[in-house]
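Inside the fold
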Amino acid sequence: MITGDEAGFDAFVAGRQAALSRTAYLLTGDHHLAQDLVQAALMQAARHWTRIHTSPEAYVRRAMYHQNISWWRRRRFTESPLLGHDGTADAVDTDLRLTLDQALARLTAKQRTVLVLRFYEDLTEVETARALDLSTSTVKSTTRHALARLRTLAPELADLIGADA
Amino acid sequence: MSDDLRTRMHHVADEVTPLPVSADLWRRGRAARRRAQALAVAAVLVFLASVGGGVALWSAPDREARTASGEVPAGGAIPSRIEDIPEDLEVTTDLAVGRASVAFISATGDPVVITANDGVPRRLGLPGWALERRTLALSPDGRFLAYQRVDAGTTVISRLDLETGREEVLHRQPGEELTYDTLTWSPGGEWLAWSSSRYGDVPAVGRIRPGESRTTALPFTPSSVAVTDSGALALTSMRGGLFLPVDGQRGLGRVTTDVSVGAFAFSPDGHYLSLGTEPGTSSSTFDVRTQEVLRHPFPPGTLGRSAARPVGWLDDRLQVLVVQPFDGSVPELVVTTPDVGAASTWRGSVGSVSTNGIANSLSLAVDLIPDLDGTSSQELTHDFGDTAGTPRDVSWIIGLGVAAAIALLLGLRLLWRRLT
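Cut-off values and rules
- Residues numbered from 1 in each chain as written.
- Chains lettered and ligands numbered in written order.
- Predicted model: local features only at pLDDT ≥ 70, side-chain atom pairs only at ≥ 80, totals over all residues.
- Heavy atoms only, no water.
- Contact = heavy atoms within 4.5 Å.
- Buried area = accessible area lost by both parts, 1.4 Å probe.
- Salt bridge = Lys/Arg side-chain N within 4 Å of Asp/Glu carboxyl O.
- Polar contact = N/O pair within 3.5 Å; in protein donor to acceptor, adjacent residues only side chain to side chain.
- Helix = DSSP H or I, 4+ residues; strand = E, 2+ residues; numbered from the N terminus.
- Nonpolar A, V, L, I, M, F, W, Y, C, P; charged D, E, K, R; others polar.
- Axes fitted to C-alpha atoms, helices over the stretch in contact; angles between N-to-C directions.
- Parallel < 35°, antiparallel > 145°, perpendicular 65-115°, else oblique.
- Buried < 20%, exposed > 50% of the residue type's maximum accessible area, 1.4 Å probe, protein only.
- Core = buried A, V, L, I, M, F, W, Y, C linked by side-chain atoms within 4.5 Å.
- Domains from an automatic or database assignment.
- pLDDT = per-residue confidence, 0-100.
- Pairing = 2+ DSSP bridges.
- Patch = residues over 30% accessible without salt bridge, like charges linked within 9 Å, V, L, I, M, F, W, Y side chains within 5 Å.
- Areas by Shrake-Rupley, 256 points an atom, 1.4 Å probe, with all protein chains shown as cover.
- Arc of directions from axis to C-beta.
- Phe/Tyr/Trp six-rings, centres within 6.5 Å; stacked < 30°, edge-to-face > 60°.
- Lys NZ or Arg CZ within 6 Å of the ring centre and 35° of its normal.

1. With respect to the interface of chain B and chain A
Much of the literature gives interface size as the accessible area that the parts lose upon coming together. In this complex, chain B contributes 30 residues to the contact, which on the side of chain A involves 45 residues. For the pair chain B and chain A, the summed buried surface comes to about 3,600 Å²; carbon and sulfur atoms form 64% of the total. Contact with chain A buries area across many residues of chain B, yet M9, L19 and W26 of chain B alone supply 22% of it, more than any other trio. Where R6 of chain B meets D122 of chain A, a salt bridge forms, and the shortest distance between an N and an O atom there is 2.6 Å. At the boundary of chain B with chain A, the tally comes to ten residue pairs in polar contact (both at pLDDT 80 or more). Contributing elements (two or more residues each) for the side of chain B that touches chain A: α1 (3-14) and α2 (25-59) of chain B. By residue class, the composition of the side of chain B that touches chain A is 15 nonpolar, six polar and nine charged.

As structure tokens, then:
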């Protein structure tokens, strides 16, 4: 028998699966890891649904951010550069996209997570710090280091990143 | 900035198709919740059973007889077997773990201390610990752990009080490029010395203690540094040269020796330097007063060709070395006098160290090693038994508690079925 809670969970998954997938992919740079990340976060949400059902998305996203960093720290897997997924965009755009993917994959999970929160999720530094349980200064310095590393890894992205970032 | 980066990230993300998720996530999540609740109930019951058992054990008159290897000496002891931690050992975030007997860096790059009273290894969640800054040093009394980290654009040397969990920044230097290569305590723990191959633009060494710091820039790269309790610094160069304070002057002078010196440590009175040297069949000690290198050959039938690294002094004549044999056998702790004489001592196999990796980062609370009583059977370290699992002398209580918890849960389940 499907309960009201289960129906609510199913509706949430159906409605937000695509958005969560996008964020998970940016966080991990790998489709399989992204799928694992989304599933792990949703399972946690199911565990605590009665407590979080009024605003589950914030909980799930936070779980994804922390889980991703935790996995990286525990070295249960090794990150590898993404090689040739998809391919629907035109040639020039694909080159650039792959470069960005590859450069992101060379960052630490913490650096990548901070960049995703700041530039994809559009969170402020304060909101990013709150989401990751970090200080604002750590978010600032991590962002600065991550962008500098991106510039080093992929000079062709300098125009995207900006010299003063 | 980064509107373009922002846009490009959105483009990358927009091309991701929704990732499939398992259809039974809800069922698995709720099952996990039920398991967690059951475990919580069991844990409470185990706790209650353990407390009850503990009280019974405490009140038993023959408590000492239950520990095969005897009681842990007051104040704690160094374990007779120093082993790396399991990869899944939980991170200890409450840093007030109590005095430690041993500190090292695990194969996974984590800071580890072994607490002195129970011999339990703990993977410390040190704030700001980074793989590229893996340096730590345990004070001779086991109370303080020194390490480095980056804090808001500065590189700091911190001192963690393992009894209170409080941390004190002893030294702060602007910039995040700087790294400290070595950290070393003076024999009595008065001073902490450091060396850095890149301190701003030049190599440098320094000594610090709360409220006081002195830095010396160098024209060459140091490989190691040592400091006396009075604050006198000595150092070695990457080429194996030994540099000591010159009487009446502020600078350091090079001492000519016939050995290439690695790490080293001052004796408490400052008269000797225990030397880490190239592989050989003896330990080497530098006599500061006579400027001679003294040797104590490994006794026949003990160690073969080995590398020795000093980890501290028990008193003004007995040094502790971690010796790494080249025949592949495990490193061991050795207590020895500088040379052979009428009152000389050589005690091998005082303790074992499971890997060379641990031996290279090992730091001991040497104050926990007892004074020698003159017998060869005296235990200088303690066998804590299997500290990776449940403490031996309460395992039966926990076993009984678990059994009781399972029985109770089964009973509750049966009752629930009858009622519904």
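2. Overview of the packing of helix α7 (residues 125-132) of chain A against helix α8 (residues 136-153) of chain A
All names here are of chain A. With their axes 8 Å apart at the nearest point, α7 and α8 run at an angle of 105 degrees to one another. When the axes of α7 and α8 are compared, the pair comes out roughly perpendicular. The segment α7 lies against α8, with E125, V126, T128 and A129 engaging T136, V139 and K140.

3. A short note on the environment of R22 of chain A
Locating R22 of chain A in the fold gives a position in helix α1 (residues 4-28). A relative accessible area of 23% means that R22 of chain A is categorised as partly exposed. The spatial distance from the C-alpha of R22 of chain A to the C-alpha of A34 of chain A is 8.5 Å, given a sequence separation of twelve residues. Setting aside residues no more than four positions away along its own chain, R22 of chain A makes contact with Y120 of chain A together with A13, D14 and V16 of chain B.

4. Topic: the pattern of salt bridges
Residues and elements named next belong to chain B. Considering all chains together, one arrives at 22 salt bridges over all chains under this definition. Linking R28 and D24 is a salt bridge whose minimum nitrogen-to-oxygen distance equals 3.4 Å. Since its relative accessible area comes to 32%, R28 is described here as partly exposed. Here E212 ties to R209 by a salt bridge, and the two come within 3.0 Å at their closest N and O atoms. Judged by its relative accessible area of 33%, E212 is partly exposed.

5. Some thoughts on the nonpolar core
Within the largest apolar cluster, 52 residues are counted, with the highest numbers of intra-cluster contacts made by F9, L42, V60, M64 and L115 of chain A together with M9 of chain B. With eight residues, the top contributor of residues to this core is α1 of chain A. Per-domain counts for this core show at least three residues from each of domain 1 (1-80) and domain 2 (81-165) of chain A. Formed by 41 residues, the second largest nonpolar core is a distinct cluster that contains I78, I105, V113 and L318 of chain B.

6. Structural notes on the confidence of the model for chain B
Predicted confidence across chain B gives a mean pLDDT of 84, with 92% of residues reaching 70 or more. Across residues 61-69 of chain B, confidence stays below pLDDT 50; counting only partners more than four residues off in sequence or on other chains, it has ten contacts.

7. Looking at the sheet that holds strand β16 (residues 242-245) of chain B
Residue and element names in this part refer to chain B. In space, the four strands of this open sheet follow the order β14-β15-β16-β17, with antiparallel pairing throughout. Strands with a single pairing partner mark the edges of an open sheet, and in this sheet they are β14 (222-227) and β17 (252-255). Neighbour to neighbour, the strand axes of the sheet diverge by 25 degrees on average, direction disregarded. Where β16 meets β17, four bridges bridge the pair, whose relative direction is antiparallel. Across the sheet, residue P245 finds its bridge partner in β17, namely L252.

8. Quick notes on a nonpolar patch on the surface
Judged by side-chain polarity, V44, F47, L48 and V51 of chain B come together as a nonpolar surface patch covering roughly 390 Å² of accessible area. By the secondary structure assignment, V44 of chain B is in helix α2.

9. Here's the deal with the sheet that holds strand β10 (residues 182-185) of chain B
Strand pairing in a sheet relies on backbone hydrogen bonds. The paired strands run either parallel or antiparallel. Residues and elements named next belong to chain B. Spatially, β10-β11-β12-β13 is the arrangement adopted by the four strands of the open sheet, whose pairing is antiparallel. Each having just a single partner strand, β10 and β13 (212-217) make up the two edges of the open sheet. This sheet shows a mean twist of 20 degrees between the axes of neighbouring strands, independent of strand direction. Here β10 runs beside strand β11 (residues 192-199); their pairing, made up of four bridges, is antiparallel. Following the sheet pairing, W185 is matched in β11 by L192.

10. With respect to helix α6 (residues 109-120) of chain A
All names here are of chain A. Summarising burial for α6: eleven of the twelve residues are buried, a large majority. Burial in α6 covers these residues: A109, Q111, R112, T113, V114, L115, V116, L117, R118, F119 and Y120. Note on α6: the residue one or two positions beyond its end, D122, has a positive phi of about 60 degrees.

11. Re the environment of I157 of chain B
Within the element layout of this structure, I157 of chain B appears in strand β8 (residues 154-161). Along the primary structure I157 of chain B and W194 of chain B are separated by 37 residues, whereas in three dimensions their C-alpha atoms are 9.1 Å apart.

12. Focus: the packing of α6 of chain A against α8 of chain A
All names here are of chain A. At their nearest, the axes of α6 and α8 sit 9 Å apart, and the two run at 100 degrees to each other. Considered as vectors, α6 and α8 are oriented roughly perpendicular to each other. For the pair α6 and α8, the contacting residues are K110, Q111, V114, L115, R118 and F119 in the first and T138, V139, T142, T143, H145, A146, L147, R149 and L150 in the second.

13. Regarding α7 of chain A
All names here are of chain A. Those residues of α7 not exposed but buried are T128, A129, A131 and L132. The arc enclosing the buried residues of α7, seen along the axis, measures out at 165 degrees, which places them on a common side. Just downstream of α7, D133 is the residue with a positive phi angle, here 55 degrees.

14. Notes on the packing of aromatic side chains
Residue and element names in this part refer to chain B. Counting across every chain of the model gives twelve aromatic pairs over all chains. Here the aromatic rings of Y180 and W194 are separated by 5.1 Å at their centres, their planes lie at 75 degrees, and the arrangement is edge-to-face. In this pair, Y180 sits in the loop between β9 (167-174) and β10 while W194 sits in strand β11, placing the two residues 14 residues apart along the sequence. Residue classification places Y180 among the buried residues on the basis of a relative accessible area of 1%. One Lys or Arg, R159, reaches over the ring of F144 and ends 3.9 Å from the middle of that ring. Over the aromatic face of W191 sits the side chain of R207, whose NZ or CZ is 4.5 Å from the ring centroid.

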